[in-house]
Amino acid sequence: TAPALNKLLYQFECTFCGEWHNHRDTFVWPQCGHKYGKQCVKSYIDSRPEKYPKCHQSNCRQVMTAYELTQMGYLCSRCDKKFVSSDNGAESFAWSTCKHAYCHHCAVHVVNESLSLQNKPPKCILPNCDEPLKPLHSYSLLLQYQSHLLPKYRNMDFHTIQ
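Owing to the predicted nature of the structure, the values given are computational and were not obtained by experimental measurement.

Cut-offs and rules
- Throughout, a residue's number is its position along its own chain's written sequence, starting from 1.
- Residue-level local features of this predicted model are given only where pLDDT is at least 70; pairs of side-chain atoms are given and counted only at 80 or more, and the full residue set underlies all totals for whole chains, interfaces and linings.
- Note that water and hydrogens are dropped before the side-chain values are worked out from all heavy atoms of the structure.
- Helix and strand assignments follow DSSP, with helices taken as H or I runs no shorter than four residues and strands as E runs no shorter than two, numbered in order from the N terminus.
- A simple rule labels every residue: compare its accessible area, found with a 1.4 Å probe on the protein chains alone, to the largest value its type can have, and call it buried under 20%, exposed over 50%, or partly exposed in between.
- Centres within 6.5 Å make a pair out of two Phe, Tyr or Trp rings, where for Trp the six-membered ring is used; the pair is then stacked when the planes are under 30 degrees apart, edge-to-face when over 60, and tilted otherwise.
- Working rule for contacts: check all heavy atoms of both residues, and any pair within 4.5 Å makes them a contact.
- Joining through side-chain atoms within 4.5 Å is the link that ties buried Ala, Val, Leu, Ile, Met, Phe, Trp, Tyr and Cys residues into a set, and such a set is a nonpolar core.
- Here, a salt bridge means any side-chain nitrogen of Lys or Arg that lies within 4 Å of a carboxyl oxygen of Asp or Glu.
- What pLDDT conveys is the predictor's confidence in a given residue, as a value from 0 to 100.
- We call two N or O atoms a polar contact when they sit within 3.5 Å, provided that within protein one can donate a hydrogen and the other can accept it, with sequence-adjacent residues counted only if both atoms are side-chain atoms.

When its secondary structure is counted, the protein shows 5 helices and 6 strands. Counting across all 162 residues of the protein, residues that qualify as buried make up 33%.

On to the packing of aromatic side chains. Taken as a whole and judged by the stated rule, the model has 6 aromatic pairs. Arranged with centres 6.3 Å apart and planes meeting at 90°, the rings of phenylalanine 27 and tryptophan 29 form a pair that is edge-to-face. The pair phenylalanine 27 / tryptophan 29 is uniform in exposure class, with both members buried.

Let us look at the environment of cysteine 55. You can see cysteine 55 is positioned in the loop between helix H2 (38-47) and helix H3 (66-71). For the pair formed by cysteine 55 and glutamine 31, sequence separation is 24 residues and the distance between their alpha carbons is 8.9 Å. Non-local contacts of cysteine 55, meaning those with residues more than four positions away in its chain, are made with Thr15, Trp29, Cys32, His34, Tyr36, Tyr44, Cys60, Arg61 and Gln62.

This paragraph deals with the nonpolar core. Counting residues in hydrophobic clusters, the biggest one holds 16 residues, and the most contacted among them are Cys76, Trp95, Tyr102 and Cys124. Looking at this core, the elements that each hand over two or more residues are strand E6 (101-103) and helix H4 (104-116). Top contributing element to this core by residue count: H4, with 5 residues. If we ignore the near neighbours within four places in the chain, the residues touching cysteine 124 are Trp95, Cys98, His100, Tyr102, Cys129, Asp130 and Glu131. In this structure, Phe12, Phe27, Tyr36 and Ile45 belong to the second largest nonpolar core, which totals 15 residues.

What the rule picks out here adds up to 2 salt bridges. In this structure, glutamate 50 and arginine 48 form a salt bridge, with 3.1 Å as the shortest nitrogen-oxygen distance. Take arginine 48: its relative accessible area is 29%, and that puts it in the partly exposed class.

Glancing now at unusual backbone geometry. For asparagine 119, which is not glycine, the phi torsion reads 55° and is therefore positive. Mapped onto the secondary structure, asparagine 119 falls in the loop between H4 and helix H5 (135-144). Using a relative accessible area of 68% as the deciding quantity, one classes asparagine 119 as exposed.

Below, the discussion takes up the confidence of the model for the protein. Mean pLDDT over the protein stands at 78; residues scoring 70 or higher make up 73%. Counting contacts from residues 158-162, a segment whose pLDDT is below 50, to residues more than four positions away or on other chains yields 13 contacts.

With that settled, the discussion passes to the side chain of threonine 15. Note that threonine 15 resides in the loop between strand E1 (11-13) and strand E2 (20-22). Overall, threonine 15 belongs to the buried group, its relative accessible area being 15%. For threonine 15, the side chain forms a polar contact with the main-chain oxygen of lysine 35, separated by 2.8 Å. When neighbours within four sequence positions are excluded, threonine 15 is seen to be in contact with His34, Lys35, Tyr36, Cys55, His56 and Gln57.

Here is the structure:
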């Protein structure tokens, strides 16, 4: 029938909740290809106590890698701390250009190290990324965490960094 065909063409059955979701809301588990609704995969990953969650499909159990979780904003790119999406970014800092996640401690560490040891603007430290941190994004991080910066950078004007 036409409604059943439309359902198959424009929707998929979620591996986590078993309900039908629109295709534009699809998240595909990287190793096995099982499909989740975007909100369902967030709920599922948040609920898992282990750092590297397994696919919810009972006969699958493919493990998501640190790289994939970092790409999704669930692990810090430097220290592998796990974030929970329901925190609304309270624990994480998204790098301004590539959006890789960092905990605030590691983001400040990368800024300190880049400015003091390398004498260069901060860049993402993930392999094959090397994206710069936009000056205004650096500035917002630094305003929030000035006390964690090296003393010589606490009052610096980051608008002038190229």
